[in-house]
Amino acid sequence: MKIKYSIGVSKIRFSYPGASRIKIKGNTECDFLDIKEINVTSALIKPTSSETSEVTGPGIDYALDPYVGCQHACKYCYSFRKQFLDKPETSHAQDLWGDFVDLKVNIAEVLTTEINHTKRGGVLLSALTDPYQPLEHKYRITRSCLQVLLKRQYRVIILTKSDLVNRDLDLLTQFKNADVGLTITTDDDNIRQIIEPYSSSIEDRITTLRTFHSRKVTTYVHIGPILPMNPEALVNQITDQIDYAIIDKMNYITPELEELYQRNGFGYALDDEYFKAKEGELRKRFERNNIKIW
Ligand code: SF4
C-alpha cells in the first residue's frame, strides 16, 4: 500500500513531539512525505555486506534496518550515497533523502523465522537509517524487532539521534546485553540545527544517555561525523553518561554540504586537518577520563 500525504502546505506534523518539519526540495517547497509499506524477505544483514554502510563498534555481527530512508535527513548522510546515489538503478535514486520512507512492515515476522536458523550474535539497529525516526512513534517496527530479539536474548546495539528510544527503556533494560548509543556530533545546538535539523536536540540526546546509563544499560556516544565543535565542552557533558565512544570524520562531502558550511561561516571545519585536530583532542580527553574509544 502506498500512502502519500498531500497536505497542501509545506509543514508536516507528526504526533511525536518536536518532529514537525519543513521540507525544501531544491528551491521549491516540497509538500509531501512519500511513505510506502514494503515486505522484505530477510531481516539480518551481515555488516560486511555491500548493502550496509561501514559499521564499526564492538560486537556487531548483524545489522537490522526497519526502514528504508530516514526522516532525519542529515545534510551529510553517507547512507543515502551508499544505498542509492552509487546505484542509479535502485528505486529511490532520483528522490531526495528525507522525502521518502519505506516501512518494512513484515520485518519482525521475518526476523522471528530467521533467528531460528541464524547463529546468535550482536545486532545493530541500525546501519542505514535511524531506527527511532519520527514514524517509529506510530509504526513501532523497531520495537517489534526488539521484542523478537529479547525473547532469544540476542545482543542489541542501538544507534540513534532520537530521544524516542526512551520509549523502549522497558525492553532494553531486560536484555542481558544491550548497548544504547546516541550520535552527538557537536556540543553546539545551533550547529546541530543547521546540519541535523530534524533530530533531537543535543540536550535531549545527553539526557537520554543519562537515563539509560542510570539504569545500568551500557551506553556510548558516536561522534561521527565531527562537526564544528568544542571538544572540551562536549566531553565534559557526556563523559559521565557513557561507557565508550566511537569517533569518525566526515565521510561524504557534497558540493551542497560544502556550500552550507561556507554560507554559515564554518567552511574551515571540512579540512582534514580540522578533523585530525578535533579527533586528537577528543581522544585525549576521553582517555583522561578512562573512556574506551573505538
Ligand atoms: S539519522 Fe543517520 S541515517 Fe538518518 S539521515 Fe541522519 S545520518 Fe542519515
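### Remarks on the sheet that holds strand S10 (residues 122-125)
1) Next: Strand order in the open sheet formed by 7 strands is S7-S10-S11-S12-S13-S14-S15, with parallel pairing between adjacent strands. Every other strand in the sheet has two partners, leaving strand S7 (62-63) and strand S15 (292-293) as the edge strands with one partner each.
2) Next: Of the strand pairs in this sheet, strand S14 (residues 244-247) and S15 are connected by 2 bridges, and their pairing is parallel. Across the sheet, Tyr 244 pairs through a bridge with Lys 292, a residue of S15.
3) Next: Strands strand S13 (218-223), S14 and S15 of the sheet are contacted by helix H10 (residues 272-288), whose axis makes an angle of about 170 degrees with S14.

### Some thoughts on the nonpolar core
1) Next: Core analysis: the biggest nonpolar cluster contains 65 residues, and Val 123, Leu 124, Cys 145, Val 156 and Val 221 have the highest contact counts within it.
2) Next: A per-element tally of this core places helix H4 (residues 141-151) first, with 5 residues.
3) Next: In contact with Val 123, not counting residues within four places along its chain, are Leu 44, Tyr 62, Leu 64, Leu 149, Tyr 154, Arg 155, Val 156 and Ile 157.

### Notes on the site of the ligand
1) Next: Taken together, Cys 70, His 72, Ala 73, Cys 74, Cys 77, Ser 79, Thr 129, Asp 130 and Lys 161 make up the full set of residues near the ligand.
2) Next: When its residues are assigned to classes, the shell around the ligand shows 4 nonpolar, 3 polar and 2 charged.

### Topic: unusual backbone geometry
1) Next: Here Leu 125 and Ser 126 are connected by a cis peptide whose omega angle stands at 5 degrees.
2) Next: Examined against the element boundaries, Ser 126 turns out to sit in the loop between S10 and helix H3 (135-139).
3) Next: At the junction of Gly 224 and Pro 225, the peptide bond is cis and its omega measures out at 0 degrees in the coordinates.
4) Next: In this structure, Pro 225 sits in the loop between S13 and helix H8 (231-238).
5) Next: Located in the positive-phi region is Arg 140, a residue other than glycine, with phi close to 55 degrees.
6) Next: Structurally, Arg 140 can be placed in the loop between H3 and H4.
7) Next: At Asn 290, a position not held by glycine, the phi torsion is positive, near 60 degrees.
8) Next: Mapped onto the secondary structure, Asn 290 falls in the loop between H10 and S15.

### Topic: the confidence of the model for the protein
1) Next: Within the protein, residue pLDDT values average 86, and 83% of them lie at 70 or more.
2) Next: In this model, residues 1-31 is a region of pLDDT below 50 whose contacts with residues beyond four sequence positions or in other chains number 45 contacts.

Procedures and definitions
Residues numbered from 1 in each chain as written. Predicted model: local features only at pLDDT ≥ 70, side-chain atom pairs only at ≥ 80, totals over all residues. Pairing = 2+ DSSP bridges. Helix = DSSP H or I, 4+ residues; strand = E, 2+ residues; numbered from the N terminus. Contact = placed C-beta atoms within 7 Å. Axes fitted to C-alpha atoms, helices over the stretch in contact; angles between N-to-C directions. Core = buried A, V, L, I, M, F, W, Y, C linked by C-beta atoms within 7 Å. Buried ≥ 20, exposed ≤ 12 C-beta atoms within 10 Å, placed from the backbone. Near = placed C-beta within 6 Å. Nonpolar A, V, L, I, M, F, W, Y, C, P; charged D, E, K, R; others polar. pLDDT = per-residue confidence, 0-100.

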